[in-house]
Amino acid sequence: MQKFNYSIKEPEGLHARPAGLLVKCAQSCSSNVKVEVKGQTADAKRLFAVMGLGAAQNDQLTFTVEGSKESTECAKLKAFCEENL
Amino acid sequence: MIFHKKEKSCAIYAPVSGKAVELSQVPDEVFSGKVLGDGAAVIPEDGTIVSPVDGTVATVPDTHHAYYVRSKDGLEILIHVGIDTVDLKGEGFQNFVKAGQNIKTGDILVKADLNLIREKGLNPIVPVVITNMDAVNRISATKGIMEAGKTTLITYERK
């Protein structure tokens, strides 16, 4: 299991577009990907769940990646966050 | 009416009055490229946005520009009012609902000031997207003139 934290820089937070792109990135991973914010956890592969978090700017997201390719996929998700969120 | 088919076709109604177009015509690749899921879009003639199904309001963002509704049969439907309207930070949107509340088809979700959206240089088109496409076998979108809460926008077959 791999974990990393990321603080949202986008002023609008995790709204439909970035959330959609994040879910697409998570869906491309074979690992189980969970994202947690303010004590609430969501399956990062489900847009409905991710948008339900209502994550705003400066909120800290904690990603948990679990699977046989977790190291590379964790790095991929981290790179995605740096670029898009 | 008299004959009941085994595979029931269900409806998502138009959330706003206007002209329905294909999702691929929305000038935002997150919608047109079906990144979020499949559906349809309505070019609005009126700013009153209603629930397209009977169900529950799942999320209401502070910016009141996008609503998530879960239908009674478990479809997750995103109704996004305009493109890049998140930038308005709620200006021009009057919210009518709260997360978790039950709603009927035609109940008002939000009233949007279409003139203000256009004045800000934004496109008020309303994409309606099923984001859990794994729950349906197939969908079909209707084009043409729509009346909010009355005209069928999308028909789908539940898995």
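Procedures and definitions
- Residues numbered from 1 in each chain as written.
- Chains lettered and ligands numbered in written order.
- Predicted model: local features only at pLDDT ≥ 70, side-chain atom pairs only at ≥ 80, totals over all residues.
- Helix = DSSP H or I, 4+ residues; strand = E, 2+ residues; numbered from the N terminus.
- Rg over C-alpha atoms; globule rule 2.2 N^0.38 Å.
- Contact = placed C-beta atoms within 7 Å.
- Expected span 1.5 Å × (residues − 1).
- Buried ≥ 20, exposed ≤ 12 C-beta atoms within 10 Å, placed from the backbone.
- Nonpolar A, V, L, I, M, F, W, Y, C, P; charged D, E, K, R; others polar.
- Pairing = 2+ DSSP bridges.
- pLDDT = per-residue confidence, 0-100.
- Axes fitted to C-alpha atoms, helices over the stretch in contact; angles between N-to-C directions.

Caption draft 1: Representation of the overall build of chain A within the structure. A tally of regular secondary structure across chain A gives 3 helices and 4 strands. Shown N-terminal to C-terminal, the secondary structure of chain A runs as helices and strands in the order β-α-β-β-α-β-α. Radius of gyration (C-alpha) of chain A: 11 Å, near the 12 Å computed for a compact globule of 85 residues. Each principal axis of the C-alpha atoms in chain A carries an extent, and together these give about 35 × 20 × 20 Å. Of the contacts formed within chain A by residues at least 6 apart in sequence, a portion of 67% connects residues at least 24 apart.

Caption draft 2: Quick look at helix α1 (residues 16-27) of chain A. For α1 of chain A, which comprises 12 residues, the first-to-last C-alpha distance of 16 Å matches the rise-based estimate of 16 Å (1.5 Å per residue) to within 8%. Residues of α1 of chain A that are buried include every one of Ala16, Arg17, Pro18, Ala19, Gly20, Leu22, Val23, Cys25 and Ala26 of chain A, and no others. The inward-facing, buried residues of α1 of chain A contact β2 (32-37), α2 (47-52) and α3 (70-84) of chain A together with α1 (29-32), β6 (66-71) and β7 (76-80) of chain B.

Caption draft 3: Structural context of the interface of chain A and chain B. Contact with chain A, which involves 12 residues of that partner, is made by 14 residues of chain B. Elements represented by at least two residues in the side of chain A that touches chain B include exactly α1 and α2 of chain A. The element that contributes the greatest number of residues to the side of chain A that touches chain B is α1 of chain A, accounting for 5 residues. Residue composition of the side of chain A that touches chain B, by class: 5 nonpolar, 4 polar and 3 charged.

Caption draft 4: Examining the pairing of strand β2 (residues 18-22) of chain B more closely. Residue and element names in this part refer to chain B. Sheet topology note: the β2/strand β3 (residues 38-44) ladder contains 5 bridges and is antiparallel. Residue pairing across strands places Ala20 opposite Val42, the latter belonging to β3. Where β2 and strand β13 (residues 144-146) come together, 3 bridges link them in antiparallel fashion. The partner of Ala20 across the bridge, within β13, is Gly144.

Caption draft 5: Summary view of the sheet that holds β13 of chain B. Sheet architecture is open: 8 strands sit in the order β9-β5-β6-β7-β11-β3-β2-β13 (chain B), paired in antiparallel fashion. The sheet is open, and its two edges are formed by β9 (102-103) and β13 of chain B, each paired on a single side.

Caption draft 6: Up close: the confidence of the model for chain A. Counting all residues, the mean pLDDT for chain A is 93, and 100% of those residues have values of 70 or more. Averaged over each element, pLDDT in chain A is lowest for α2 of chain A (88) and highest for strand β4 (residues 60-66) of chain A (97).

Caption draft 7: Summary view of the sheet that holds strand β10 (residues 108-112) of chain B. Residue and element names in this part refer to chain B. Reading across the sheet, the 3 strands line up as β4-β10-β8 and stay open at both edges, with antiparallel pairing between neighbours. The open sheet has two free edges, formed respectively by β4 (48-50) and β8 (93-95), since each of these has just one partner strand. The average undirected angle you get between the axes of adjacent strands in this sheet is 20°. Inspection of the sheet shows β4 paired to β10 by 3 bridges, in the antiparallel sense.

Caption draft 8: Representation of the environment of Thr56 of chain B within the structure. Considering the arrangement of structural elements, one finds Thr56 of chain B in strand β5 (residues 55-59). With near-sequence residues (within four places) excluded, Thr56 of chain B lies in contact with Arg70, Gly100, Asn102 and Ile103 of chain B.

Caption draft 9: Expanded view of the environment of Ser51 of chain B. Residues and elements named next belong to chain B. Structurally, the position occupied by Ser51 is in the loop between β4 and β5. Residues Ser51 and Gly149, spaced 98 residues apart in sequence, show a C-alpha to C-alpha distance of 7.0 Å. Discounting chain neighbours no more than four positions away, the residues touching Ser51 are Pro15, Val69, Ile103, Lys104, Thr105, Gly106, Asp107 and Leu109.

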